[in-house]
Amino acid sequence: MVQYFQQMIDGIWSIPINLPFTRFNRSLKASKEVQKMLKQLISEKRYEFENNLASSRQDLITCLLSIRGENNQELMSENEIIHNVMLIMVAGHDTSSILITFMIRLLANNQNIHAAVLKEQEEIAKSKSSGESLTWEDLGKMKYTWRVAMETLRMFPPVFGGFRQTVKDIEYGGYLIPKGWKIFWVTAKTHMDSNIFQEPEKFDPARFEDTSSLPPYNFVPFGGGARICPGYELAKIETLVTIHYLVTHFTWKLCCTDDSFSRDPTLVPTQGLPIQITPRKSL
Ligand code: HEM
């Protein structure tokens, strides 16, 4: 599925003309394959659910299948379940991994910030016995590390914008945008506006020490309003846990000094992110 999934993602941001051999065409074909696989998985999960064989009711498909009406009939059609699962896969996969990728790069380039993250994470690691897992309370203590993540999201937002529709006529920058028009809001532009963030080109996690002074909708890596990203907390957990184990167990150096990146549609370091990684205990 990973291969089809990647092909599908590659064509999401392409010219929607369905000609053979185009990225769009390959993406549609790959999407059909992913849907076929999910269909198969759903029928297996349905069988397990209906025969009480499900080992865990916590997986997404089983949860969606268990939404039932009065006569135990499924309330979501198979198609709705397929597309909800695909939405979560698309929205949740590359986003968190991009944040972690860019944090790895920024920590390698900013030794003082790396040292402060390491100090915070080592204190947490020291409070644990060998093999003991991180807890929710531990994540709450990772305040500096999360500020570094926020600053990474400010400078390198994985999702660079999204669509909204105007519900009334609005005026912006001397332009009238009529009711009903589509607007594309651009995260990267807002985050790099020097009226909001001073010296926006500077990587400075300290700017998030006091977020109460930040006006609403000025820091929008997860969007905003009713459709704000529902995966925010999960992304935070994934990032903090990964960085915890990474900095406490390894050091790393970048093998490539090129800092450039492209958006296709999500952020990708132009040369990938080759690193030389060393276990800390062997240092
Ligand atoms: C660093 C990680 C992430 C970033 C930066 C991010 C960013 C975003 C943004 C900007 C939106 C659009 C919000 C809007 O229109 O106001 C969004 C929507 C969404 N995200 Fe995330 N996301 C992340 C991780 C995740 C994860 C881990 C999941 C789930 C596993 C997830 C699930 C979703 C879903 C389902 C939507 C669509 C919500 C809707 O349309 O109502 N995201 N995300």
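Residues numbered from 1 in each chain as written. Predicted model: local features only at pLDDT ≥ 70, side-chain atom pairs only at ≥ 80, totals over all residues. Heavy atoms only, no water.

1. Details of the coordination of the iron atom of the ligand
In step 1: A lone protein donor contacts the iron atom of the ligand, and this donor is Cys 229 (SG), found at 2.3 Å.
In step 2: Counting through the fold element by element, Cys 229 comes out in the loop between helix 8 (187-191) and helix 9 (232-249). (Donors = N, O, S within 2.8 Å, 3.2 Å for Na, K, Ca; no water. Helix = DSSP H or I, 4+ residues; strand = E, 2+ residues; numbered from the N terminus.)

2. Points about the domain arrangement of the protein
In step 1: Split by domain assignment, the protein resolves into domain 1 (1-76) and domain 2 (77-282).
In step 2: Computed from C-alpha coordinates alone, the two centres of domain 1 and domain 2 are separated by 27 Å.
In step 3: Opposite the 20 residues of domain 1 that make contact, domain 2 presents 18 residues.
In step 4: Carbon and sulfur atoms supply 77% of the area that domain 1 and domain 2 bury against each other, a total of about 1800 Å² over both sides.
In step 5: Sorting the residues of domain 1 by area buried against domain 2 places Phe 5, Trp 13 and Met 76 first, and these three jointly supply 32% of that buried surface.
In step 6: Taken together, domain 1 and domain 2 are joined by two salt bridges.
In step 7: The closest approach of N and O atoms between Glu 78 and Arg 46, which form a salt bridge, is 3.9 Å.
In step 8: The interface formed by domain 1 and domain 2 contains zero residue pairs in polar contact (both at pLDDT 80 or more). (Domains from an automatic or database assignment. Contact = heavy atoms within 4.5 Å. Buried area = accessible area lost by both parts, 1.4 Å probe. Salt bridge = Lys/Arg side-chain N within 4 Å of Asp/Glu carboxyl O. Polar contact = N/O pair within 3.5 Å; in protein donor to acceptor, adjacent residues only side chain to side chain.)

3. What about the site of the ligand?
In step 1: Near the ligand there are 23 residues, and of these Arg 164, Pro 221, Gly 224, Arg 227 and Cys 229 occur at the shortest range.
In step 2: Arg 227 is positioned with one of its side-chain polar atoms (N or O) 2.6 Å from an oxygen atom of the ligand.
In step 3: If you list the elements that add at least two residues to the shell around the ligand, you get helix 4 (78-109) and helix 9.
In step 4: The element that contributes the greatest number of residues to the shell around the ligand is helix 4, accounting for seven residues. (Near = heavy atom within 4 Å.)

4. Looking at the nonpolar core
In step 1: Among the nonpolar cores identified, the biggest contains 36 residues, and Leu 107, Ile 113, Val 117, Val 148, Val 247 and Trp 252 are the most heavily contacted of them.
In step 2: Sorting the residues of this core by element identifies helix 4, helix 5 (111-126), helix 7 (143-155) and helix 9 as the ones contributing at least two each.
In step 3: In this structure, Val 34, Leu 65, Ile 81 and Ile 82 belong to the second largest nonpolar core, which totals 15 residues. (Core = buried A, V, L, I, M, F, W, Y, C linked by side-chain atoms within 4.5 Å. Buried < 20%, exposed > 50% of the residue type's maximum accessible area, 1.4 Å probe, protein only.)

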